[in-house]
There are 2 protein chains.
Amino acid sequence: MVHVYNTKVRMKDGRVGELICGNGHKTDFSAPPEFKGNAGVFTAEDALVASVNMSIMQTFLHLTEKKNIKVRAYEADANGILGHRKGNECIIRIVVHPKITVDPGTDIDIIELCLNEARKYSIIANSIHATLVVEHKMETYKA
Amino acid sequence: MVHVYNTKVRMKDGRVGELICGNGHKTDFSAPPEFKGNAGVFTAEDALVASVNMSIMQTFLHLTEKKNIKVRAYEADANGILGHRKGNECIIRIVVHPKITVDPGTDIDIIELCLNEARKYSIIANSIHATLVVEHKMETYKA
């Protein structure tokens, strides 16, 4: 089966637009403030970095679920750095910092394997040119 | 000056997470329904397609503004198609369909030049592997 992801954008008021996503999410967006856009709204640059960050988390949780590993908490900061590639501006590097909390006694090697596989099999990680680095921290759950 | 785009994700309830973007946008997300996620929320796949769609629009509006061309309306559907690249699942093709409304007498060649340049210089278009196709329609504004 072919999966297709659809989004719609529409100019609203000057450089502010409306975004309607195929899975139901709607929001306003603009350019980032440094490119004459507005603060407080979504941007294309945030969306690209967010897509990688969300995809790594979802792929990791899918893999740990398949191995019956309980993940107590997962959070991650991701930074996308603007640079040049073949003379054009683009996001050249994305660094994701997951912080993962698991139960005492959990096999840490399996968690690290799942993170490596999440980076390897994430649909979005495989859709971008940027160098992708995943640097994680692990914590043990305290009730 | 180096521009860095930051986003944060956090596991909330099972496979639903919270996304907090550097420019202020917040929303819930999950995997798409076909990958055991929830309908009605944002997804990584929608975010990638949206980032291209938003970036083409913002770059086009920036270019037309620089040339003092009045754009009366802009809307665009974008479809991202899931496929395989080097054996891994990824978004292999994104097709953007802008519909642009301009005043009668506007130089259509300049509009087409701006669209071609938007496709060429869009930060996000230059950050992805997918084949990107932009197929536009033009309309004349009727008061």
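Remember, it's a predicted structure, so these values are computed and weren't measured experimentally.

Engineer: It is not clear to me how the nonpolar core should be interpreted in this structure. Could you clarify?
Structural biologist: The nonpolar side chains of a soluble globular protein tend to be buried, and buried together. Counting residues in each nonpolar core, the largest one holds 79 residues, and the members touching the most others are Met54(A), Phe60(A), Tyr74(A), Met54(B), Phe60(B) and Tyr74(B). Sequence-distant contacts of Met54(A), defined by excluding residues within four places in its chain, comprise Val9(B), Leu19(B), Phe29(B), Phe42(B), Thr43(B), Ala44(B) and Ala47(B).

Engineer: What should I look at first to understand the interface of chain A and chain B in this one?
Structural biologist: The figure often quoted for interface size is the accessible area lost as the parts come together. At the interface, 76 residues of chain A touch 76 residues of chain B. Interface area, chain A with chain B, both sides summed: about 6900 Å², of which 57% is carbon and sulfur. Contact with chain B buries area across many residues of chain A, yet Tyr5(A), Asn23(A) and Met54(A) alone supply 13% of it, more than any other trio. Joining chain A to chain B, the criterion identifies six salt bridges. As a salt-bridge pair, Asp77(A) and Lys8(B) come within 3.4 Å of each other at their nearest N and O atoms.

Engineer: Where do I start with the relation of the copies chain A and chain B in this structure?
Structural biologist: Copy one and copy two of the chain differ by a rotation about a common axis and a shift along it. Mapping chain A onto chain B leaves a residual RMSD of 0.0 Å; the transformation is a rotation of 180° accompanied by 0.0 Å of translation along its axis. Each copy turns onto its partner about a two-fold axis. By C-alpha distance to the rotation axis, the residue of chain A lying nearest is Ile128(A), at 2.1 Å. Most of the interface of chain A is mirrored in chain B: 100% of its interface residues are interface residues there too.

Engineer: Help me out: how do you make sense of the environment of Ile91(A) in this one?
Structural biologist: Along the chain, Ile91(A) turns up in strand β5 (residues 88–102). For Ile91(A), a relative accessible area of 1% puts it in the buried group. Remark: the alpha-carbon pair of Ile91(A) and Leu48(A), spanning 43 residues in sequence, is separated by 8.6 Å. Discounting residues that sit within four places of it in the chain, Ile91(A) has contacts with Leu48(A), Gly80(A), Ile81(A), Leu82(A), Ala130(A), Tyr5(B), Ile123(B) and Ser127(B).

Conventions used here
Residues numbered from 1 in each chain as written. Chains lettered and ligands numbered in written order. Predicted model: local features only at pLDDT ≥ 70, side-chain atom pairs only at ≥ 80, totals over all residues. Heavy atoms only, no water. Core = buried A, V, L, I, M, F, W, Y, C linked by side-chain atoms within 4.5 Å. Buried < 20%, exposed > 50% of the residue type's maximum accessible area, 1.4 Å probe, protein only. Contact = heavy atoms within 4.5 Å. Buried area = accessible area lost by both parts, 1.4 Å probe. Salt bridge = Lys/Arg side-chain N within 4 Å of Asp/Glu carboxyl O. Least-squares fit on C-alpha atoms with pLDDT ≥ 70 in both. Helix = DSSP H or I, 4+ residues; strand = E, 2+ residues; numbered from the N terminus.

Honestly, it's all geometry; don't read function into it.
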